[in-house]
Amino acid sequence: MFLPFTQKAREVALHEMPDSQRIESCKTFIASVVREEAREFLHLNPEDAVKCYATCNAIISGCPFPLQSRFSKGYARLALNVFRNDAETTLDYAKELFPSLLAEGEDFSINLFEFLNSEQDPSLSQVRSGKVILAYEDICYVLSNLVVRKLMSLPSIDLPSPLKTAAESLTAELYQPPAPGSKVNSLSLQCVEKVKSGMPEGQRYYGSLALAIACHADGLNKKDAEGVMLLYVKACQKGSNSFTDREAIACMDWVYTRGISSFRSLRGTPFEAIHSKCIGCPLRLGERQVGIRKL
Ligand SMILES: [Zn+2]
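Predicted, not measured: the structure shown is a model, and the values here were computed from it.

1. Details of the overall build of the chain
Within the chain, the regular secondary structure consists of 13 helices and 4 strands. Scored against the burial criterion, the 295 residues of the chain give a buried share of 36%. Across the chain, every contact between residues at least 6 apart in sequence was considered, and the portion connecting residues at least 24 apart equals 72%.

The structure is reproduced here in structure tokens:
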């Protein structure tokens, strides 16, 4: 089996504009993944697999965040099937991400530092003398989580027009923005979804602020909001300065204490830049909240 998101794949990747046939087959594939109908990756030779992966990535990066999220989860499920059924490919890929990977009887070990550096959930595993011990099934989960993260961290760039058109037609086919005037669930807004998938260093505080406001606007109690904040901390990339659970909770406390349900304070912050890419998002940062409840 050939995995298009591996280092080996990047080596054969070619930078060229996909032709219309490839764009069409990728659109069909993305739609089937989003609808959870796809059962496997497209069967192709390595070079085509890589080109298709790159094309799918480009198209999906032009779609709204909820679609990106559905695609990345669906795609990771397909990868999980491969991981479960093809130990040789899986361990090759695991070794690429975790060079310290070793077989330990039935199980495997990874250097603790390497493991934590990849932001994995340590509760998955047991730690023994500086090494994390994982069953094969845990390895499969770790890798599929990394596939989701890779796909959710695609940069949003201005796409060349055939790819942009493909993204727009997929969006029209697969995504229904909330009806105007309908009760808005802030936590499921595209921009807030994007924040939930993690923010880079330098933007993590603004992300936590946006998320705390969304929790408050949606009427979550503090305990549930705390759960949302902790997941966010996990999703954020670790920078040279850490962003801690305590900082995220403190931000949430600050928002809850002041009863802030409006996103207006986020004007001019990195959150506004994310929101500016939202398609059909009912959130208005710069105006009074007319006709939108709870924002
Ligand atoms: Zn938005």
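2. Brief notes about the packing of helix α11 (residues 222-235) against helix α12 (residues 245-258)
Here α11 crosses α12 at 140°, and the two axes come no closer than 9 Å. As far as their axial angle goes, α12 and α11 are oblique. As for how α11 packs across α12, the hand of that crossing is right-handed. The segment α11 lies against α12, with K222, A225, E226, M229, L230, Y232 and V233 engaging D245, A248, I249, M252 and Y256. Of the residues assigned to the contact of α11 with α12, the class counts are 9 nonpolar, no polar and 3 charged.

3. Some remarks on helix α2 (residues 20-34)
Compared with the 21 Å implied by 1.5 Å per residue over 15 residues, the 21 Å span of α2 between its first and last C-alpha is a close match. Where α2 is concerned, the buried positions are I23, C26, F29, I30, V33 and V34. All buried residues of α2 lie within an arc of 130° about the axis, which places them on one face of the element. Away from the buried face of α2 by more than 90 degrees, exposed residues S20, Q21 and E24 are located. Just downstream of α2 lies E36, where phi reads positive at about 60°.

4. What about the sheet that holds strand β3 (residues 126-128)?
Here 4 strands make up an open sheet; going across it, the order is β1-β2-β4-β3 and the pairing antiparallel. Sheet topology places β1 (102-104) and β3 at the edges, where each strand pairs with a single neighbour. On average, each strand axis in the sheet is tilted by 40° relative to the strand beside it, whichever way the strands run. Summarising the sheet, β1 and strand β2 (residues 107-111) pair through 3 bridges and their orientation is antiparallel. From the neighbouring strand, L102 faces β2, where its bridge partner is S109.

Analysis parameters
Residues numbered from 1 in each chain as written. Predicted model: local features only at pLDDT ≥ 70, side-chain atom pairs only at ≥ 80, totals over all residues. Helix = DSSP H or I, 4+ residues; strand = E, 2+ residues; numbered from the N terminus. Buried ≥ 20, exposed ≤ 12 C-beta atoms within 10 Å, placed from the backbone. Contact = placed C-beta atoms within 7 Å. Axes fitted to C-alpha atoms, helices over the stretch in contact; angles between N-to-C directions. Parallel < 35°, antiparallel > 145°, perpendicular 65-115°, else oblique. Left-handed = near helix turned anticlockwise from the far one by under 90°. Nonpolar A, V, L, I, M, F, W, Y, C, P; charged D, E, K, R; others polar. Expected span 1.5 Å × (residues − 1). Arc of directions from axis to C-beta. Pairing = 2+ DSSP bridges.

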